[in-house]
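Here is what each chain is made of, one letter per residue.
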Amino acid sequence: MELNKIDKDRLEGKRVAIFAGNNCPAGKERLYLSLARDLGRLLAESGLAIATGAGDGLMEAAAQGAHQAGGRVIGIGLNLEDAKQSSHVHEYEKF
């Protein structure tokens, strides 16, 4: 999907929140992780930042896709000191 410059300018500074569990249906893990990476990449290529729970699984896959596409990734969590922090997250917001 390709967006024209006007659409990209309109999306600049916008964020999409992606929150998901770590469990995928049995036998579908690779498919779901691949789709999450593709989603993150497409959002980043469209000029959108993504915000995730900064955890592993599907959220990390989306963050990885966005990060690899040069997008901005924001991790949001309640207690990040005890949680695994994704290396694909650029900044953390604690609550």
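**Some details on the pattern of salt bridges**
Side-chain pairs of opposite charge can arise where the charged atoms are in close proximity.
Phase 1: Scanning the entire structure with this criterion turns up 2 salt bridges.
Phase 2: Note that Arg-41 is salt-bridged to Asp-38, the shortest N-O span being 3.9 Å. A residue pair is termed a helical-turn pair when its members lie 3 or 4 positions apart in one helix, as Arg-41 and Asp-38 do in helix 2 (residues 29–45) at 3 residues.
Phase 3: Overall, the relative accessible area of 32% leaves Arg-41 in the partly exposed class.
Phase 4: Relative accessible area serves as the criterion here: at 31%, Asp-38 is assigned to the partly exposed category.
Phase 5: When the shortest N-O distance is used, the salt bridge between Glu-45 and Arg-41 registers 3.2 Å. Separated by 4 residues within a single helix, Glu-45 and Arg-41 lie in helix 2, roughly one turn from each other.
Phase 6: The class for Glu-45 is partly exposed, based on a relative accessible area of 39%.
Phase 7: The structure contains a network of salt bridges with shared partners spanning Asp-38, Arg-41 and Glu-45.

**A word on the nonpolar core**
A general feature of soluble globular proteins is that nonpolar side chains tend to end up buried together.
Phase 1: By size, the foremost hydrophobic cluster in this structure holds 15 residues, and its most contacted members are Ile-18, Ala-36, Leu-43, Ile-50, Ala-62, Ala-66 and Val-73.
Phase 2: At the level of elements, helix 2 and helix 3 (58–68) are the ones that each hand at least two residues to this core.
Phase 3: Ranked by residue count, the leading element in this core is helix 3, at 5 residues.
Phase 4: If we skip the residues at most four places from it in the chain, Ala-66 touches Gly-40, Arg-41, Ala-44, Ile-50, Gly-71 and Val-73.

Criteria and thresholds
Residues numbered from 1 in each chain as written. Predicted model: local features only at pLDDT ≥ 70, side-chain atom pairs only at ≥ 80, totals over all residues. Heavy atoms only, no water. Salt bridge = Lys/Arg side-chain N within 4 Å of Asp/Glu carboxyl O. Helix = DSSP H or I, 4+ residues; strand = E, 2+ residues; numbered from the N terminus. Buried < 20%, exposed > 50% of the residue type's maximum accessible area, 1.4 Å probe, protein only. Core = buried A, V, L, I, M, F, W, Y, C linked by side-chain atoms within 4.5 Å. Contact = heavy atoms within 4.5 Å.

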